[in-house]
Amino acid sequence: MQKSGNTCRAMVENGRPVIINDKWCKGCDICVSFCPKNVLERPEGGKARVARAEDCTRCGICEIMCPDLAIQVVPANDKKKEISGTQGGSVDAK
Amino acid sequence: MAKPITYYLRTDKMPHIWCEGCGHGIVLGAVLRAIDSLDLDKDNVCVVSGIGCASRAPGYLDFDTLHTTHGRALAFATGIKMMKPGLDVIVLAGDGDLAAIGGNHLIHAARRNINITTICFNNSIYGMTSGQYSPMTPTGKIATTAPYGHIEEPFDLCELVFAAGASLVGRGAAYHSGPLSRLIAKAIATDGFAFVEAVSQCPTYFGRRNKMKNALAMLDWQKEHAVTKKAASRLSPEELADKFVIGELGTRTRPEYTKRYESIIAAAAKETDENV
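Here the residue index of a chain counts from 1 through its sequence in written order. Labels follow written order: the first chain is A, the first ligand is 1, and so on. Where totals are concerned, whole chains, interfaces and linings use all residues; where local detail is concerned, this predicted model gives features only for residues with pLDDT of at least 70, and gives and counts side-chain atom pairs only at 80 or more. As a rule here, side-chain values cover all heavy atoms of the structure and leave hydrogens and water aside.

Chemist: An account of the overall build of chain A is requested, with residue identities and associated values reported.
Modeler: Helix and strand assignments follow DSSP, with helices taken as H or I runs no shorter than four residues and strands as E runs no shorter than two, numbered in order from the N terminus. The secondary structure content of chain A amounts to two helices and six strands. Traced from its N-terminal end to its C-terminal end, chain A shows the element sequence β-β-α-β-β-α-β-β. Each residue gets one of three labels from its accessible area relative to the maximum for its type: buried under 20%, exposed over 50%, partly exposed in between, using a 1.4 Å probe on protein chains only. When each of the 94 residues of chain A is scored for burial, the buried share is 46%. Within chain A, counting contacts between residues at least 6 apart in sequence, those at least 24 apart form 63% of the total. When the accessible area of chain A is evaluated, it comes to approximately 4800 Å², of which 47% is carbon and sulfur surface. Any pair of residues with heavy atoms lying within 4.5 Å of one another is described as a contacting pair. Computed with the Shrake-Rupley method and a 1.4 Å probe, the accessible areas treat only the protein chains shown as cover for residues.

In structure tokens:
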């Protein structure tokens, strides 16, 4: 059994509510469409990204609806939660 | 989730091969959240699959996993459970793999009531081989092998498996990912054969041929056609005709197979001892 496939760990800054792994995202628009607060957007032909982080209520719908398992919603009380992911893929594209 | 989803994934195998918007990823996420909610030991979970799109799932999971031959996931899983009854054995299979090629394994695993949790990723089509109709393709729908509309009626898999003797059957949908996850958690915790049909979407080979242009349209279809068991009890058969019922659809308490086997072994050992 694989012990750890994680090649990097990204420290998440306080206030970043949604982390999108853009290496895994296939751009299906499900998260953008399901978000009740219109936090996410996707440029034509691109990957989903957080556009209005301040509106996020951390409801988690984008995380449970993402078919690519590419989204993690950081709980509000986790100031510096360690999120493990693939190389360079843990932080949403800025 | 207590742990990030990446804890349960072989992250070096990701991204997965499924098409954009494929419901299998949503169902797989629901399975992982169910496992997380039960706080199962990662080294005590064994996930088994057969062949097909859905059966690629265990390849991405950081448990002990087995990718077997077409339709035979339950046969292999039965062997694992008999040798190691303490393992949490979970079978992930598509509708074609489980209801057609492995149909007999399914009904007999349910009849034995062996403590295996089976999740059927039902996307109503053989996606991996470009969209032939499966036993779960609804009547009238278009498939590669049914270009003028499918003639047959699909199985009601939950009714079939419950009639065969399962301890728990239920149905969920990718659209209702949260309730689906809770249903799967209950299925895993059930002592006996537990079966969950997860209605998924194949935008590539089912949606596009059936006037649903993308995954969002297919999720809308799920939203409009899913009714809870309670709501269904108030609807007439005509109103229910094009709907599917979600929720926990049947439970019963029956002796579990590996426990019966152990008691037979104990009785046989005692008899042998007495004869010596």
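Chemist: Now, about the interface of chain A and chain B: what can you tell me, with residues and values included?
Modeler: Every contact between the two is made by 24 residues of chain A and, on the other side, 35 residues of chain B. The junction of chain A with chain B conceals about 2400 Å² of combined surface from both sides, 62% of it contributed by carbon and sulfur atoms. Criterion for a salt bridge: a side-chain nitrogen of Lys or Arg within 4 Å of a carboxyl oxygen of Asp or Glu. Taken together, chain A and chain B are joined by zero salt bridges. As used in this structure description, the phrase polar contact means that two N or O atoms lie within 3.5 Å; if the pair is within protein, one of them must be able to donate a hydrogen and the other to accept it, and residues adjacent in sequence are counted only when both atoms belong to side chains. There are five residue pairs in polar contact (both at pLDDT 80 or more) connecting chain A and chain B. Secondary-structure elements contributing two or more residues to the side of chain A that touches chain B are α1 (30–34), α2 (61–65) and β6 (82–85) of chain A. Basically, the charged four are Asp, Glu, Lys and Arg, the nonpolar ten are Ala, Val, Leu, Ile, Met, Phe, Trp, Tyr, Cys and Pro, and anything else, Gly included, counts as polar. When the residues that make up the side of chain A that touches chain B are grouped by side-chain class, the tally is ten nonpolar, nine polar and five charged. Buried area counts how much accessible surface, traced with a 1.4 Å probe, disappears from two parts once they are put together, with both parts' losses summed.

Chemist: Tell me about the packing of aromatic side chains, and please be specific about residues and values.
Modeler: Here a Phe, Tyr or Trp ring, Trp counted by its six-membered ring, pairs with any other such ring whose centre lies within 6.5 Å, and the pair is stacked when the planes are under 30 degrees apart, edge-to-face when over 60, and tilted otherwise. Using the criterion set out here, one finds five aromatic pairs over all chains in the structure. Measuring from ring centre to ring centre gives 5.6 Å for A:Phe34 and B:Tyr175, while their planes differ by 55 degrees; the resulting arrangement is tilted. Here A:Phe34, found in helix α1, pairs with B:Tyr175, found in the loop between β7 (168–173) and α6 (177–189), and the two come from separate chains. Seen in terms of ring centroids, B:Trp221 and B:Phe244 are 5.7 Å apart; in terms of plane orientation they differ by 20 degrees. Their pairing is stacked. With B:Trp221 in helix α8 (residues 215–225) and B:Phe244 in strand β10 (residues 244–251), this residue pair connects regions lying 23 residues apart in the sequence. For B:Trp221, a relative accessible area of 27% corresponds to the partly exposed category. Here the aromatic cluster, defined as three or more aromatic residues joined through ring pairs, consists of B:Tyr7, B:Tyr8 and B:Phe63. Stacked on the ring of B:Tyr7, the Lys or Arg B:Lys42 has its end atom at 3.9 Å from the ring centre. A cation sits over an aromatic face here: B:Arg252 above B:Phe162, 3.9 Å from the ring centre. Distance and angle both matter: a charge sits over a ring if NZ of Lys or CZ of Arg is within 6 Å of the ring centre and within 35 degrees of the ring normal.

Chemist: I'd love a proper account of the pattern of salt bridges, names of residues and values included.
Modeler: All names here are of chain B. The tally for this structure, following the rule as stated, stands at ten salt bridges over all chains. Of the charged contacts, one joins Asp62 and Lys42 as a salt bridge, the two residues approaching to 2.9 Å between their closest N and O atoms. Note that Asp62 is positioned in the loop between β1 (45–49) and β2 (64–67) and Lys42 in the loop between α1 (23–37) and β1, a separation of 20 residues in sequence. Accessibility expressed as a relative area gives 3% for Asp62, which makes it buried. Between Lys186 and Glu248 there is a salt bridge whose closest N-O contact spans 2.7 Å. Of this pair, Lys186 sits in helix α6 while Glu248 is found in strand β10, placing the two residues 62 residues apart along the sequence. Residue class for Glu248 comes out partly exposed when judged on its relative accessible area of 29%.

Chemist: Help me get a handle on the pairing of strand β3 (residues 88–94) of chain B, residues and values and all.
Modeler: All names here are of chain B. β3 sits mainly inside the fold: six of its seven residues count as buried. Strand pairing is defined by DSSP finding a minimum of two bridges between the two strands. Where β3 lies against strand β4 (residues 116–122), six bridges are found, and the strand directions are parallel. Across the sheet, the residue bridging to Ile90 is Thr117, located in β4.

Chemist: Explain the pairing of strand β8 (residues 194–199) of chain B residue by residue, including any values.
Modeler: All names here are of chain B. The buried fraction of β8 is high, at six of six residues. By the alternation rule, side chains of β8 split into Ala194, Val196 and Ala198 and Phe195, Glu197 and Val199, which are all buried. Here β7 runs beside β8; their pairing, made up of six bridges, is parallel. The residue bridging Leu168 from the neighbouring strand is Ala194, located in β8. Between the parallel elements β7 and β8, the chain passes through α6 in a crossover that is right-handed. Whether a crossover is right-handed depends on one test, that the path from the first strand over the helix to the second runs clockwise when the strands point away from the viewer.

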